[in-house]
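Spelled out, the chains give:
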Amino acid sequence: VATAPTTLTLIGISGSLRRESFNTRLLQAARGLLPAGTVLHVRTLHGIPLYDADLEAAAGIPPEVEALKAEIAGAHGLLIATPEYNASLPGVLKNALDWLSRPPQDVPRVFLGKAVGLLGATPGRLGTALAQNAWLPVLWALRTRPFFAERIHLAGADQAFAGDGSLADPAFAARLRQYLLAFRAHVQPGGAGS
Ligand SMILES: Cc1cc2nc3c(=O)[nH]c(=O)nc-3n(C[C@H](O)[C@H](O)[C@H](O)COP(=O)(O)O)c2cc1C
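Quick caveat, the model's predicted, so the values are computed rather than measured. (Residues numbered from 1 in each chain as written. Predicted model: local features only at pLDDT ≥ 70, side-chain atom pairs only at ≥ 80, totals over all residues. Heavy atoms only, no water.)

**Student:** How would you summarise the site of the ligand if you had to cite specific residues and measurements?
**Tutor:** Contacts to the ligand come from S16, R18, S21, F22, N23, P83, E84, Y85, N86, A87, T122 and P123. A distance of 2.6 Å separates an oxygen atom of the ligand from a polar side-chain atom of S21. Expressed as a share of its isolated accessible area of 620 Å², the protein-covered part of the ligand is 68%. Among the residues forming the shell around the ligand, the class breakdown is five nonpolar, five polar and two charged. (Near = heavy atom within 4 Å. Polar contact = N/O pair within 3.5 Å; in protein donor to acceptor, adjacent residues only side chain to side chain. Areas by Shrake-Rupley, 256 points an atom, 1.4 Å probe, with all protein chains shown as cover. Nonpolar A, V, L, I, M, F, W, Y, C, P; charged D, E, K, R; others polar.)

**Student:** Any chance you could break down the environment of P62 for me, citing the residues and the numbers?
**Tutor:** Relative to the helices and strands, P62 resides in the loop between α2 (53–59) and α3 (63–74). On the accessibility criterion, P62 (10% relative accessible area) is buried. Sequence separation between P62 and H153 is 91 residues, and the spatial gap between their C-alpha atoms is 32 Å. Discounting chain neighbours no more than four positions away, the residues touching P62 are P49 and W99. (Helix = DSSP H or I, 4+ residues; strand = E, 2+ residues; numbered from the N terminus. Buried < 20%, exposed > 50% of the residue type's maximum accessible area, 1.4 Å probe, protein only. Contact = heavy atoms within 4.5 Å.)

**Student:** Kindly report on the environment of Q28, identifying the contributing residues and their values.
**Tutor:** Secondary-structure assignment places Q28 in helix α1 (residues 22–31). Take Q28: its relative accessible area is 44%, and that puts it in the partly exposed class. Considered as a pair, Q28 and G165 are 137 residues apart in the sequence and their alpha carbons are 7.8 Å apart.

**Student:** I'd like a rundown of the pairing of strand β4 (residues 115–121), residues and numbers included.
**Tutor:** Counting buried positions along β4 yields seven of seven residues, so the element is predominantly enclosed. Of the two faces of β4, the one holding A115, G117, L119 and A121 and the one holding V116, L118 and G120 are both buried throughout. With five bridges connecting them, strand β3 (residues 77–81) and β4 associate as parallel partners. Each bridged residue has a counterpart across the sheet, and for I80 the counterpart in β4 is L118. The pairing of β4 with strand β5 (residues 145–146) spans two bridges and is parallel. (Pairing = 2+ DSSP bridges.)

And the structure:
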């Protein structure tokens, strides 16, 4: 009988390269709201080139992509914080997911059955709902196990963070805490914390 791991490891990918990114900040704030026995490593996409099949054929998978693939493969769950661009997903993040899905024979190791949660932040009013919807076919294509029980749409993100990076609105912080608790249960059904 398999014993439950004492610590669940989550990888959080921010889909923005911006230094002051609200999506990166959202993941960083989430680190302070995790259930017991959970760690969240926040990663950004710096250094990942534009996908180019000629580059792949000549030089293989870039080291930044290989490293992230290994981290996702080794993690119990993946959180994706997506910006919303033009009512859809941002190209920088899609480009990264496209690289992460190469070569195709590695997709089962990295993504098959992987618990994936979407969240997103925007100064706008819709909280990245359109971007999150746009990710659904990608999560399906990669054969992940998406988490749909809770949603995190951080609207008005330019007003959402206190100077120390924490979430200014206690009600939203409580929602994010609940999301993370439910995501943990999705990652490990029947496990501690579910
Ligand atoms: C090309 C472009 C298109 C955008 N389109 C949207 C949009 O459709 N909906 C939205 O809520 N915000 C939109 N924004 C604003 C982003 O939400 C905002 O730039 C946000 O700060 C990006 O996330 P970040 O803070 O993590 O970098 C757009 C921004 C850019 C640069």
